[in-house]
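Structure assessment
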Amino acid sequence: MQGTFTLVQEWYLVGLHEENDEFTFHITRYRPEELQKLASKTKFTRKEIQLMYRGFKQECPTGMVDEDSFKHIFSQFFPLGDATNYAHYVFNTIKQKHTGKISFEDFLNILSKVSRGSVNEKLQWVFNLYDLNGDGLITKAEMVDVVSSIYEMLGRATQPPVDESSPKEHVEKIFNMIDTNKDGVITIDELIKWCSRDETFLKSLETLDTVL
């Protein structure tokens, strides 16, 4: 999740530097909803949306982000590793099914839930990230794939250094704790119950409640 918010913070800072820029949506191919509608649908203020959009349109002047562009933007924040696979998984939780792309509204809506939503809303996004095939269950193989992508993304920044077996070892420990009925899969209810008992994890979710 951290990479996603690093990306948003960067767009927000870009917006801060454009002090006299009016909030307009004059872009070539795509026109987002009006500012007031976006503010009413999300947990962000008009000013916050203005600033984020200014950064967004600099990186994405057409108003739509495809997967390759998303991976390129994401990779800039993790120069010591390879963020390709993790960016792919994050992209799949945000993209529109009919276009395969992300609009500013798409990104803003998911960010609103994950950064300022309820604990359950945040955990639902985490669950969707790990539920790679969208069947409502997380398998051990799916968790290994996502955790491996996180290790790849962090690269040389990972301390202590990890080897190929590290993701599997990590998943083996955590998966068995969450899978309380030992049926080999994790449901959203199991994830919520386990996380609600983990104070450290809940505090990490609270850190996402940032004022941009």
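Scoring rules and cut-offs
Residues numbered from 1 in each chain as written. Predicted model: local features only at pLDDT ≥ 70, side-chain atom pairs only at ≥ 80, totals over all residues. Heavy atoms only, no water. Helix = DSSP H or I, 4+ residues; strand = E, 2+ residues; numbered from the N terminus. Axes fitted to C-alpha atoms, helices over the stretch in contact; angles between N-to-C directions. Parallel < 35°, antiparallel > 145°, perpendicular 65-115°, else oblique. Left-handed = near helix turned anticlockwise from the far one by under 90°. Contact = heavy atoms within 4.5 Å. Nonpolar A, V, L, I, M, F, W, Y, C, P; charged D, E, K, R; others polar. UniProt positions renumbered as here; feature names shortened; annotations may be inferred. Phe/Tyr/Trp six-rings, centres within 6.5 Å; stacked < 30°, edge-to-face > 60°.

Here we come to unusual backbone geometry. Of note, lysine 182 is a non-glycine position whose phi angle comes to about 55°, a positive value. Looking at the element boundaries, lysine 182 is found in the loop between helix H9 (166–178) and strand S4 (185–186).

On to the packing of helix H8 (residues 140–154) against H9. In contact at an axis separation of 9 Å, H8 and H9 are set at 130° when each is read in the N-to-C sense. Between H8 and H9, the angle is such that the two are oblique. Regarding H8 and H9, the two cross each other, and that crossing is right-handed. Between H8, through Lys140, Met143, Val144, Val147, Ser148 and Tyr151, and H9, the contact on the second element is made entirely by Ser166, Pro167, Lys168, His170, Val171, Glu172, Ile174, Phe175 and Asn176. The class makeup of the residues in the contact of H8 with H9 is eight nonpolar, four polar and three charged.

For the rest of this paragraph, the subject is the UniProt feature "domain: EF-hand" (unreviewed entry) in the chain. As annotated by UniProt and renumbered to match this structure, "domain: EF-hand" (unreviewed entry) occupies residues 118–153 and 166–201. Counting secondary structure, residues 118–153 comes out at 72% helix and 6% strand; the distance between its end C-alpha atoms is 27 Å. For the annotated span residues 166–201, helix accounts for 69% and strand for 6% of the residues, and the straight-line distance between the end C-alpha atoms is 20 Å.

With that out of the way, let us pick up the packing of aromatic side chains. Inspection of every chain in the model, using the stated rule, returns seven aromatic pairs. Judged by centre distance (5.5 Å) and plane angle (55°), the ring pair of phenylalanine 70 and phenylalanine 91 falls under tilted. Of this pair, phenylalanine 70 sits in helix H4 (residues 67–75) while phenylalanine 91 sits in helix H5 (residues 84–94), and the two are 21 residues apart along the sequence. The rings of Phe70, Phe74, Phe78, Tyr86 and Phe91 are connected pair by pair, giving a single aromatic cluster.

What follows concerns the packing of helix H3 (residues 46–59) against helix H6 (residues 104–116). Put simply, H3 and H6 touch, their axes get as near as 12 Å, and they point 130° apart. The angle between H3 and H6 places the two elements in the oblique class. By crossing handedness, the relation of H3 to H6 is classed as right-handed. Residue-level inspection shows Glu48, Ile49, Met52, Tyr53 and Phe56 of H3 in contact with H6, the latter providing Phe104, Leu108, Leu111 and Arg116. Of the residues that constitute the contact of H3 with H6, the class distribution is seven nonpolar, no polar and two charged.

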